[in-house]
Amino acid sequence: MKALQYVTAGAEPEVREIPTPEPGPGEVLLRVTAAGVCHSDDFVMNNPPEQFGIELPLTLGHEGAGQVAAVGDGVRGIDIGTNVVVYGPWGCGNCWFCAQGLENYCSRAAELGIMPPGLGSPGAIAEYLIVDSPRHLVPIGDLDPVATVPLTDAGLTPYHAIKRSLGKLRPGSWTVVIGSGGLGHVAIQLLRHLSATRVIALDVNDEKLDFARSVGAHEAVLSDEKAAGKVRKITGPAGASLVLDFVGFQPTIDTAMAVAGIDSDVTIVGIGDGRSAARVGFGVSPYEAAATSPYWGARAELIELVDLAHEGVLDIATERFSLDAAPEAYRRLAAGTLRGRAVIVP
């Protein structure tokens, strides 16, 4: 089968022919119908593989959708031909966090060598994908897999980040969304659907700001050294109740802290360079402001997102690429010229 693989450290990924896998006991084989491209992949490929315990070559793609093609011994409850999306942050299934469906925070994954597809285990940008357990599959019925596959990360990650702060998003509050791309434009739609908060989007050019307005942002501000002051003029002295930073570099984190209000949440979702951090302390950050950095989301939350998709709540912008054109999708991702999410269709 064809697969997009990260083969050489520091080099762009390659489309290669590799053996088609067969499901072992407890596993499920999917015929991939769509796979998303994410900044996390670019981050991993721009750092030494040993930093993350990754062995090369690695098939990329941690956002996956497919049709069940075969199951291994002992698999029950999932039928051949079922259309599904893949819950990516695999865990042990037994620890306290996994028992709540929070496999993204599995306490034993590192110890047991469990890694997500595309971020350590073979990923979804291929013609077929092995999923380690049927519990990591969410049926999607007649939903379009291309439009639905971004829910597994570009939807799940902001959904998880927003849900923990919903109690603070009262009528009259402001939420600042920094970065309106793959995750940010979904976050804006979720905020509008789930809360009464007013949304201010920050991004780097007018085209991206127009895009943010088109998906529901009430205000749009150019993300530069003057951004914090402009946002403060909109929010007034109260500041923002929630700031979602989908970029994660030091300038955006500094902006996030500068626009945050008292008892606010500053949620740093973007990986950035992996070294930037928020400054928190008495006299440095607003009183009772909490800065946090979440990871992905719960299995139950992915099920909820699929239900929202069935209701037609979300309109996720996607650009389609063939498997052979997958390296170009990563070039576009690195150049920042994608509108929404790049999706590979084998």
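Preceding block: the structure.
The rules we used
- Residues numbered from 1 in each chain as written.
- Predicted model: local features only at pLDDT ≥ 70, side-chain atom pairs only at ≥ 80, totals over all residues.
- Heavy atoms only, no water.
- Phe/Tyr/Trp six-rings, centres within 6.5 Å; stacked < 30°, edge-to-face > 60°.
- Buried < 20%, exposed > 50% of the residue type's maximum accessible area, 1.4 Å probe, protein only.
- Pairing = 2+ DSSP bridges.
- Helix = DSSP H or I, 4+ residues; strand = E, 2+ residues; numbered from the N terminus.
- Salt bridge = Lys/Arg side-chain N within 4 Å of Asp/Glu carboxyl O.
- Right-handed = clockwise from strand over helix to strand, strands pointing away.
- Axes fitted to C-alpha atoms, helices over the stretch in contact; angles between N-to-C directions.
- Parallel < 35°, antiparallel > 145°, perpendicular 65-115°, else oblique.
- Left-handed = near helix turned anticlockwise from the far one by under 90°.
- Contact = heavy atoms within 4.5 Å.
- Nonpolar A, V, L, I, M, F, W, Y, C, P; charged D, E, K, R; others polar.

Structural notes on the packing of aromatic side chains
One pass over the structure, following the stated rule, counts four aromatic pairs. Between tryptophan 96 and phenylalanine 97, the ring centres sit 5.1 Å apart and the planes meet at 85°, which makes this aromatic pair edge-to-face. Aromatic pair tyrosine 295 and tryptophan 296: ring centres 5.6 Å apart, planes at 75°, arrangement edge-to-face. The exposure class assigned to tyrosine 295 is partly exposed, which follows from its relative accessible area of 38%. Overall, tryptophan 296 belongs to the buried group, its relative accessible area being 4%.

Quick word on the sheet that holds strand S2 (residues 14-17)
If you walk across this open sheet you meet the three strands as S2-S1-S4, and the pairing is antiparallel. At either end of the open sheet lies a strand with only one pairing partner, and these are S2 and strand S4 (58-59). Pairing of strand S1 (residues 2-6) with S4 involves two bridges; the strand directions are antiparallel. Across the sheet, residue tyrosine 6 finds its bridge partner in S4, namely leucine 58.

Side note on the pattern of salt bridges
Applying the stated criterion to the full structure yields 17 salt bridges. For arginine 108, the salt bridge is made with glutamate 111, and the minimal N-O distance between the two is 3.0 Å. Classification of glutamate 111 by relative accessible area gives exposed; the value is 58%. Notably, a salt bridge pairs arginine 213 with aspartate 210, separated by 2.8 Å at the nearest N-O pair. Of this pair, arginine 213 and aspartate 210 both sit in helix H7 (residues 206-214), three residues apart, roughly one helical turn. Here arginine 213 falls in the partly exposed class, since its relative accessible area comes to 41%.

Quick notes on the pairing of strand S13 (residues 260-268)
Here S13 lies mainly inside the structure; seven of its nine residues are buried. With five bridges connecting them, strand S12 (residues 240-245) and S13 associate as parallel partners. Within S13, the position partnered with valine 243 by the bridge is valine 266. With helix H9 (residues 250-259) bridging S12 and its parallel neighbour S13, the resulting β-α-β unit is right-handed. Summarising the sheet, S13 and strand S14 (residues 290-292) pair through three bridges and their orientation is parallel.

Remarks on the packing of helix H8 (residues 227-235) against H9
The contact between H8 and H9 brings their axes to 9 Å, and the two run at 25°. Between H8 and H9, the crossing angle belongs to the class labelled roughly parallel. As H8 packs across H9, the resulting crossing turns out to be right-handed. Counting all contacts with H8, which are made through Ala227, Ala228, Val231 and Arg232, the residues of H9 involved are Thr255, Ala258 and Val259.

What about the environment of lysine 233?
Tracing the sequence through the fold places lysine 233 in helix H8. For lysine 233, a relative accessible area of 77% corresponds to the exposed category. With 26 residues separating them along the chain, lysine 233 and valine 259 place their C-alpha atoms 10.0 Å apart.

A short note on the packing of helix H5 (residues 156-163) against helix H10 (residues 299-310)
Where H5 meets H10, the axes come as close as 10 Å, and the angle between the chain directions of the two elements is 105°. With respect to H10, the element H5 is oriented roughly perpendicular. Taking contact as the criterion, the partners of Leu156, Tyr159, His160 and Lys163 in H5 are, on H10, Glu301, Leu302, Glu304, Leu305 and Leu308. Taken together, the residues of the contact of H5 with H10 break down into five nonpolar, one polar and three charged.

Digging into unusual backbone geometry
Along the chain, leucine 56 connects to proline 57 via a cis peptide bond; the corresponding omega equals 0°. Within the fold, proline 57 resides in the loop between helix H1 (39-45) and S4. Even without being glycine, glutamate 288 reaches a positive phi, approximately 60°. Its place among the elements puts glutamate 288 in the loop between S13 and S14. One non-glycine residue with positive phi stands out, namely tryptophan 296, at about 55°. Residue placement: tryptophan 296 occurs in the loop between S14 and H10.

Side note on the sheet that holds S13
The parallel open sheet is built from six strands, whose spatial order is S11-S10-S9-S12-S13-S14. The open sheet terminates on both sides in strands that have one partner only, identified here as strand S11 (219-222) and S14. Between one strand axis and the next, the sheet turns through 15° on average, direction left out of account. Set on the sheet, H7 makes contact with strand S10 (198-203) and S11; between it and S10 the angle comes to about 160°.

All we've got here are geometric facts, nothing functional implied.
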